[in-house]
Amino acid sequence: MNDFTHFDAKGNACMVDVGSKEITARYAAAEAAVLVSRETFSLIASGGMKKGDVLTVAQIAGIMGAKRTPDLIPMCHPILLTGVDVELTLNEERCSVDIHASVRCTGRTGVEMEALTAASAAALTVYDMCKAVQRDMVITDLRLVEKTGGIHGDYHRTEQTGKDD
């Protein structure tokens, strides 16, 4: 069990002790997309969804999701976030709501899970607000696209190959 960071010597689950790590600036960005029908896309774009402004509500849900990550993911540390941005854009060609979430902090552990949770919460909110009109929407492409800070170094996903550099 020594190779696994979230297990103690007896094999019990534990939260990693980050107390000896240096405090550094941390950043992470994640993306997701919600594929919708043309009808749903038009309703979102025109503000015609009965539940309200889909993009604004999903943006707020994403921010809240980042802030609540340690309540949802068992081994995540509570982190004092210094910034969360969630941007939703309508992609007419793909007929999707594209989501980009970025999170920042100055601390001892990274914010990848917060960025992924923000993108997930925003995508789930788009689904929730549109499900009365369309039930076969697809949440897709959830992925970490960038991470900086910490001892493991930086990560940047390349769009062409989908691989990291």
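Keep in mind it's a predicted model, so treat the numbers as computed, not measured. (Residues numbered from 1 in each chain as written. Predicted model: local features only at pLDDT ≥ 70, side-chain atom pairs only at ≥ 80, totals over all residues. Heavy atoms only, no water.)

I'm lost on the nonpolar core in this one. Help?
Membership of the largest hydrophobic core comes to 33 residues, with the highest contact counts inside it found for Val34, Val86, Ile99 and Val126. Those elements that provide at least two residues to this core are β1 (24–35), α1 (38–46), α2 (54–67), β2 (81–91), β3 (96–107) and α4 (112–130). Counting residues per element, this core draws most heavily on α4, at nine residues. Excluding residues that lie within four positions of it along the chain, Val86 makes contacts with Gln59, Gly62, Ile63, Ile99, His100, Ala101, Ala118 and Ala122. (Core = buried A, V, L, I, M, F, W, Y, C linked by side-chain atoms within 4.5 Å. Buried < 20%, exposed > 50% of the residue type's maximum accessible area, 1.4 Å probe, protein only. Helix = DSSP H or I, 4+ residues; strand = E, 2+ residues; numbered from the N terminus. Contact = heavy atoms within 4.5 Å.)

I would appreciate a short explanation of the pairing of β1 in the present structure.
Looking along a regular strand, one sees the side chains alternate between the two faces of the sheet. As paired strands, β1 and β3 are joined by 12 bridges and run antiparallel to one another. Across the sheet, the residue bridging to Val34 is Val97, located in β3. Pairing of β1 with strand β4 (residues 138–148) involves eight bridges; the strand directions are antiparallel. Bridge assignment links Tyr27 to a residue of β4, and that residue is Thr148. (Pairing = 2+ DSSP bridges.)

Please clarify how the pairing of β3 should be interpreted in this entry.
Most of β3 sits out of view: nine of its 12 residues are buried. Examined bridge by bridge, β2 and β3 share 10 bridges and lie antiparallel to one another. Residue pairing for β3: Asn91 is matched across the bridge by Ser96. Adjacent in sequence and paired antiparallel, β2 and β3 are bridged by four residues, among which Cys95 carries a positive phi angle near 60 degrees.

Got a minute to help me understand the sheet that holds β1 in this structure?
Within a sheet, adjacent strands bond to each other through the backbone by hydrogen bonds, running parallel or antiparallel. As summarised here, the arrangement of the five strands in space is β2-β3-β1-β4-β5, forming an open sheet in which the pairing is antiparallel. With one partner strand each, in any of the chains shown, β2 and β5 (155–156) form the two edges of the open sheet. Strands β2 and β3 of the sheet are contacted by α2, whose axis makes an angle of about 150 degrees with β2. Running at roughly 25 degrees to β1, α4 makes contact with β1, β2, β3 and β4 of the sheet. (Axes fitted to C-alpha atoms, helices over the stretch in contact; angles between N-to-C directions.)

How do you make sense of the environment of Asp154 when you look at a structure like this?
Note that Asp154 resides in the loop between β4 and β5. Take Asp154: its relative accessible area is 48%, and that puts it in the partly exposed class. Residues Asp154 and Tyr27, spaced 127 residues apart in sequence, show a C-alpha to C-alpha distance of 9.4 Å. Apart from the residues lying within four places of it in its own chain, the contact partners of Asp154 are Lys147, Thr148 and Gly149. Within polar-contact distance, the side chain of Asp154 engages the backbone nitrogen of Gly149 at 3.2 Å. (Polar contact = N/O pair within 3.5 Å; in protein donor to acceptor, adjacent residues only side chain to side chain.)

Before we go on, may I ask you to explain the state of the cysteines in this structure?
Disulfides are covalent bonds that connect the sulfur atoms of two cysteines. Using the criterion set out here, one finds zero disulfides in the structure. With no disulfide of its own, Cys105 lies 12 Å from the sulfur of Cys76, the closest cysteine sulfur. Look at Cys105 and you get buried, because its relative accessible area is 3%. (Disulfide = S-S within 2.5 Å.)

Could you clarify how one ought to interpret the environment of Pro74 in this entry?
Following the sequence through the fold, Pro74 ends up in the loop between α3 (69–72) and β2. Look at Pro74 and you get exposed, because its relative accessible area is 66%. Sequence separation between Pro74 and Met15 is 59 residues; the distance between their C-alpha atoms is 8.5 Å.

I'm lost on α1 in this one. Help?
Every α-helical turn comprises 3.6 residues, leaving residues that sit three or four positions apart pointing alike. Thr40, Phe41 and Ile44 are the residues of α1 that are buried. All buried residues of α1 project into a common sector of 100 degrees when viewed along the axis, lining one side. Exposed and facing more than 90 degrees away from the buried side of α1 are Glu39 and Ser46. Lining the buried residues of α1 we find α2, β2, β3 and α4. Taken from the residues just after α1, Gly47 is the one with a positive phi, measuring 75 degrees. (Arc of directions from axis to C-beta.)

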